[in-house]
Amino acid sequence: MINIKHGTFALNMNTTSLIPNFKSVLLSITFSICLLFHACNPGTNIEKSNLRGHIRIDGSSTVYPITEAVAEDYRSFTPGVRITIGISGTGGGFNKFARKEVDITDASRSIKNREEIQLNNVGLDFLEIPIAYDGLVVVVNKENDWIEDITIEELKKIWEPAAEKKIMTWSQIRNGLPEMPLRLMGPGTASGPFDHFTEAVVGTAGSSRGDFMPSEDDNVLVQGVKGDRSVLAFFGLGFAVENIKDIKILKVNSGEGLVYPDNLSIRSGLYTPLTRKLFLYVTNESIRKAEVVDFLYYYLDHVGDIVEDVGFVPLNSEEYEVSKQLLEAFIIKYAPELLKKREL
């Protein structure tokens, strides 16, 4: 199912999401040639050699490594475009969006109604563009030898508001676990991962105990897990994979058996309810910038081949094609002078 928000309406389209993203030698060669010439699917009448400008991006720390990887490639072909990428969390990114401080927002959840109203109040329309799948993973220290898996019910017992200052040891989670302090870490309360996790586990987005260590920076969370055997934390699969030598990812049981989070279980929907989509957002004002249009086309042309390198799961080809079609429609509406007939 694709759900791309375009201002006040959303497009829903059924797609086949269970097809693995197998890469043939031919595809690899084709992709290399595309990168060499930056011209596989140009879509715009922008002369890249003369393109100049500044693209400001902010938002989710989860999406950051994907956007940074795409931007790094893009810079090598379009040196006249400066791209700055910040990390203020999904909520922080939307706040900067409403203040017109950024051109593109990285988001690990869909925009909330109140955030949409903020944009409307300052005359902004927007386009939501899915770019990848991610799984929220539950992790412990590598030296933790007393737990290998956890249930959604146990996670709720740990994280619900009623657990604050009451569920304080591992032995309170499950019989047989040690009488050791339980220290909790997680994303900041304004972040997409926090909203998704609390909604999936506790039942209400944002509903959680308050006595845990939050951080908008996933690297801080990873370091916290590395340094303390008693910590339990959650964050995105990409950061967990990057640090798999130092942390341990737990299998999760939502009632249908134990599932380990990986590309197959996330894309197929087996790793439920902790699978989610990641997004880019662009406004009707920023889409009028030639460099933003060019970068977004480049992003959608190549992100499917990049996301796995940074620990995430690509969408299927149909979903990326729909994203490109919606982007094109948004450009036609607000910046038709930047668009020409797309080359096949």
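Note that the coordinates shown come from a computational prediction; the quantities given were computed from them, not determined experimentally.

(A) Focus on the overall build of the chain. Counting its regular elements, the chain contains eleven helices and 15 strands. Looking at the chain as a whole, 55% of its 344 residues qualify as buried. About 14600 Å² of surface is accessible on the chain, with carbon and sulfur atoms providing 53% of the total.

(B) Broad picture of the packing of aromatic side chains. Going through the model one piece at a time under the given rule, you end up with 14 aromatic pairs. Pairing Tyr 74 with Tyr 298 gives two aromatic rings, centres 5.4 Å apart and planes at 65°, and the pair type is edge-to-face. Of this pair, Tyr 74 sits in helix 2 (residues 64–77) while Tyr 298 sits in helix 10 (residues 290–306), and the two are 224 residues apart along the sequence. Of the residues examined, Tyr 74 reaches a relative accessible area of 0% and is grouped as buried. With 5.7 Å between their ring centres and 85° between their planes, Phe 295 and Tyr 299 make a pair best called edge-to-face. Placement of both Phe 295 and Tyr 299 in helix 10 is noted, with a separation of four residues, approximately one turn of the helix. Comparing Phe 295 with Tyr 299 shows no difference in burial state: the two are buried. Three or more aromatic residues joined by ring pairs form one cluster here, namely Tyr 74, Phe 77, Phe 295, Tyr 298 and Tyr 299.

(C) How the structure looks around the side chain of Ser 286. Examined against the element boundaries, Ser 286 turns out to sit in the loop between strand 14 (275–283) and helix 10. Discounting residues that sit within four places of it in the chain, Ser 286 has contacts with Asp 103 and Val 292.

(D) Representation of the pattern of salt bridges. Under the criterion given, the structure shown has 21 salt bridges. A salt bridge links Asp 145 to Arg 229; the nearest nitrogen and oxygen atoms lie 3.8 Å apart. Separated by 84 residues along the polypeptide, Asp 145 in the loop between strand 6 (126–141) and strand 7 (149–151) and Arg 229 in the loop between helix 7 (218–226) and strand 10 (231–236) bring together distant segments of the chain. Judged by relative accessible area, which is 34%, Arg 229 ranks as partly exposed. Here the residues in one salt-bridge network are Arg 56, Asp 103, Lys 289 and Glu 291, joined through shared partners.

(E) The arrangement of helix 5 (residues 152–159) in detail. Residues of helix 5 that are buried: Ile 152, Glu 154, Leu 155, Ile 158 and Trp 159. One face of helix 5 carries all of its buried residues, which in axial projection span an arc of 160°. Looking at the buried side of helix 5, the elements it contacts are strand 6, strand 7, strand 8 (183–187), helix 6 (192–201), strand 10 and strand 12 (251–253).

(F) Highlighting empty space enclosed by the protein. Considering all chains together, one arrives at two cavities of 30 Å³ or more under this definition. Estimates place the volume of the second largest cavity at around 60 Å³. Taken together, 14 residues form the lining of the second largest cavity, with Ser 61, Thr 62, Ser 191, Pro 193 and Glu 216 sitting closest to its centre. Sorting the residues of the lining of the second largest cavity by element identifies helix 3 (89–98) and helix 6 as the ones contributing at least two each. Tallied by class, residues from the lining of the second largest cavity come to two nonpolar, ten polar and two charged.

(G) Expanded view of the packing of helix 10 against helix 11 (residues 317–334). At their nearest, the axes of helix 10 and helix 11 sit 10 Å apart, and the two run at 175° to each other. Here helix 10 is positioned roughly antiparallel relative to helix 11, judged by the angle of their axes. The residues of helix 11 that touch helix 10, namely those facing Val 293, Leu 296, Tyr 297, Leu 300, Asp 301, Val 303 and Gly 304, are Tyr 320, Ser 323, Lys 324, Leu 327, Glu 328 and Ile 331. Split into classes, the residues belonging to the contact of helix 10 with helix 11 amount to eight nonpolar, two polar and three charged.

(H) View of the environment of Gly 80. Position of Gly 80 among the secondary structure elements: in the loop between helix 2 and strand 4 (81–85). In this structure, the C-alpha to C-alpha distance between Gly 80 and Leu 51, residues 29 residues apart in sequence, is 5.9 Å. Gly 80 has contacts with Leu 51, Arg 52 and Gly 53, leaving out every residue within four places of it along the chain.

(I) Molecular detail of the sheet that holds strand 7. Strand order in the open sheet made by the three strands is 7-12-13, with mixed pairing throughout. The two strands at the open ends of the sheet, each matched to only one other strand, are strand 7 and strand 13 (258–259). Here three bridges tie strand 7 to strand 12, and the two strands are oriented parallel to one another. Looking across to strand 12, one finds that Thr 151 is bridged to Asn 253. Packed on one face of the sheet, helix 5 meets strand 7 and strand 12 and runs near 80° to strand 7.

(J) Spatial organisation of the nonpolar core. Ranked by size, the top nonpolar core spans 92 residues in total, and within it Ile 66, Trp 159, Leu 232, Phe 235 and Phe 295 carry the most contacts. With eleven residues, the top contributor of residues to this core is helix 10. Setting aside residues up to four positions removed in sequence, Leu 232 forms contacts with Val 138, Val 139, Val 140, Ile 150, Ile 158, Trp 159, Trp 170, Leu 182, Arg 183, Leu 184 and Met 185. By size, the runner-up hydrophobic cluster in this structure holds eleven residues, among which are Phe 94, Phe 97, Ala 98 and Phe 279.

Criteria and cut-off values
- Residue positions are counted from 1 within each chain, in the order its sequence is given.
- Given that this is a predicted model, residues contribute local features only at a pLDDT of at least 70 and side-chain atom pairs are listed and counted only at 80 or more, while totals for whole chains, interfaces and linings are drawn from all residues.
- Excluded from the side-chain calculations are hydrogens and water; all other atoms, namely the structure's heavy atoms, are used.
- Numbering of helices and strands runs from the N terminus; a helix is a DSSP stretch of H or I covering at least four residues, while a strand is a stretch of E covering at least two.
- Each residue's exposure class comes from its accessible area (1.4 Å probe, protein chains only) as a fraction of the maximum for that residue type: buried when under 20%, exposed when over 50%, partly exposed otherwise.
- Each accessible area is a Shrake-Rupley estimate made with a 1.4 Å probe; only the visible protein chains count as cover when residues are assessed.
- Centres within 6.5 Å are what make two rings of Phe, Tyr or Trp a pair, Trp counting through its six-membered ring; a difference in plane orientation under 30 degrees is then read as stacked, over 60 as edge-to-face, and the rest as tilted.
- Residue contacts are counted whenever heavy atoms from the two residues lie within 4.5 Å of one another.
- In the sections that follow, a salt bridge refers to a side-chain nitrogen of Lys or Arg positioned within 4 Å of a carboxyl oxygen of Asp or Glu.
- As used here, the arc belongs to the directions running from the helix axis to the C-beta atoms.
- Only protein atoms enter the 1 Å grid used here. Points where a 1.4 Å probe fits but cannot escape make up a cavity, open sets with protein on both sides within 12 Å along at least five of seven lines make up a pocket, and a residue lines them when an atom lies within 4 Å of a point.
- Grid points are joined across faces, edges and corners, and a volume is the space filled by probe spheres set on the points.
- Charged residues are taken to be Asp, Glu, Lys and Arg, nonpolar residues to be Ala, Val, Leu, Ile, Met, Phe, Trp, Tyr, Cys and Pro, and polar residues to be all remaining types, Gly included.
- The angle between two axes is taken between their N-to-C directions and runs from 0 to 180 degrees, where each axis is a line fitted to C-alpha atoms and a helix contributes only its stretch in contact.
- Note on angle classes: values under 35 degrees are labelled roughly parallel, values over 145 roughly antiparallel, values of 65 to 115 roughly perpendicular, and the remainder oblique.
- What makes two strands pair is DSSP finding at least two bridges between them.
- Definition of nonpolar core: a set of buried residues of the types Ala, Val, Leu, Ile, Met, Phe, Trp, Tyr and Cys, connected through side-chain atoms within 4.5 Å.

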